[in-house]
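Per-entry structural report
These are the residues of each chain, in order.
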Amino acid sequence: MMNAYVTGATIKQLRELKALTQAQLAETLGVTAKAVSKWETGKGLPDITLIEPLAGALGVSVSELMSGDVVQNNNVSSNLIRSKFYICPLCGNILHTTGRAVVSCCGITLPPLEAEETDDAHTITIEKVEDEYFVTVPHPMTKEHFISFIAHLTMDRLQMVKFYPEGNAETRFSLRGGGFLYLYCNKHGLMKKKV
Ligand SMILES: [Fe+2]
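Everything quoted here is computed from the prediction, not taken from an experiment. Here, residues in each chain are numbered from 1, in the same order as that chain's written sequence. A pLDDT threshold of at least 70 governs which residues receive local features in this predicted model, and a stricter bar of 80 or more applies before side-chain atom pairs are shown or counted, although totals over entire chains, interfaces and linings include all residues. The basis for the side-chain values is all heavy atoms of the structure; hydrogens and waters are excluded.

Quick word on the coordination of the iron ion
- Bound to the iron ion on the protein side are His-122 (NE2), His-139 (NE2), His-145 (NE2), Cys-185 (SG) and His-188 (ND1), at distances that span 2.1 to 2.4 Å.
- The sequence pattern formed by the donor residues of the iron ion is H-x16-H-x5-H-x39-C-x2-H. Of this pair, His-145 sits in the loop between strand S7 (132-136) and strand S8 (147-153) while Cys-185 sits in strand S11 (residues 180-185), and the two are 40 residues apart along the sequence. Each of the two residues, His-145 as well as Cys-185, counts as buried. Distances decide who is a donor: an N, O or S atom must be within 2.8 Å of the metal, or within 3.2 Å for Na, K and Ca. Water is not included, so sites may look incomplete. Only runs of H or I of at least four residues qualify as helices and only runs of E of at least two qualify as strands under DSSP, and these elements are numbered from the N terminus. Working definition: with a 1.4 Å probe on protein chains only, accessible area under 20% of the residue-type maximum means buried, over 50% means exposed, and in between means partly exposed.

Regarding the nonpolar core
- To define a nonpolar core, start from buried Ala, Val, Leu, Ile, Met, Phe, Trp, Tyr and Cys residues and group those joined through side-chain atoms within 4.5 Å. Among the nonpolar cores identified, the biggest contains 18 residues, and Leu-25, Leu-29, Trp-39, Leu-54, Leu-58 and Leu-65 are the most heavily contacted of them.
- Elements represented by at least two residues in this core include exactly helix H1 (8-17), helix H2 (22-29), helix H3 (33-40), helix H4 (51-58) and helix H5 (62-67).
- Tallying contributions element by element places H4 first for this core, with 5 residues.
- Here, two residues are considered to be in contact whenever any of their heavy atoms come within 4.5 Å of each other. With residues up to four places along the chain from it excluded, the contact list for Leu-54 reads Ile-11, Leu-25, Leu-29, Trp-39, Pro-46 and Leu-65.
- In terms of nonpolar packing, the next biggest core, distinct from the first, is built from 15 residues, Ile-124, Ile-150, Leu-175 and Cys-185 among them.

With respect to unusual backbone geometry
- The phi torsion at Glu-130 lies on the positive side, around 50 degrees, for a residue other than glycine.
- Its location among the elements puts Glu-130 in the loop between strand S6 (125-129) and S7.
- For Glu-166, which is not glycine, the phi torsion reads 80 degrees and is therefore positive.
- The exposed category is assigned to Glu-166, whose relative accessible area is 64%.

Some thoughts on the sheet that holds S7
- The 3 strands lie next to each other as S6-S7-S10, forming an open sheet whose pairing is antiparallel. Edge positions in the sheet fall to S6 and strand S10 (170-173), since each has one partner strand and no second. Neighbour-to-neighbour, the strand axes of this sheet turn through a mean angle of 25 degrees, independent of strand direction.
- When DSSP finds two or more bridges between two strands, those strands count as paired. Pairing of S6 with S7, which is carried by 5 bridges, proceeds in the antiparallel orientation. Think of each axis as a best-fit line through the C-alpha atoms, taken over the contacting stretch in the case of a helix, with angles from 0 to 180 degrees between the N-to-C directions.

Here is the structure:
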């Protein structure tokens, strides 16, 4: 199950990016130019058997074609600080990318989470212990409302600690390199605090 079928606007946009005419795209797929024109103007939809060849002809993945979210990463030397987190609302899967991506889980395309600043109900306390830091999030840890993970992110290092209901949201980090601490609350989302 996908959250959306390919749209005419996406086909048109990608075809034009590829500098293909409707006739050229049609020929590659073994359909008529009229058929391509109909897809692009919302008067028809390509058959499911054409989705993979269509994605191939347009130079994108099936997932990108279906979601309409086309990714072009120009910065190959990705910096971890610009990392994105994605959480699947259905199964709780945690995904992390260092650049933009189309990420899907359980059949839905996941948006990259935008981290808010930590608030009064989601504070992060940091206490120096020997050569490490004891990091605590005082927050409910019930099945309905809990901290799912804490992460420490710098330019070149990601540390993530997973928590479960009935446990304590506390861990030790080296906190070398400054960066940011992230927490994820299953109800209130992703938050961050500069170290
Ligand atoms: Fe919360």
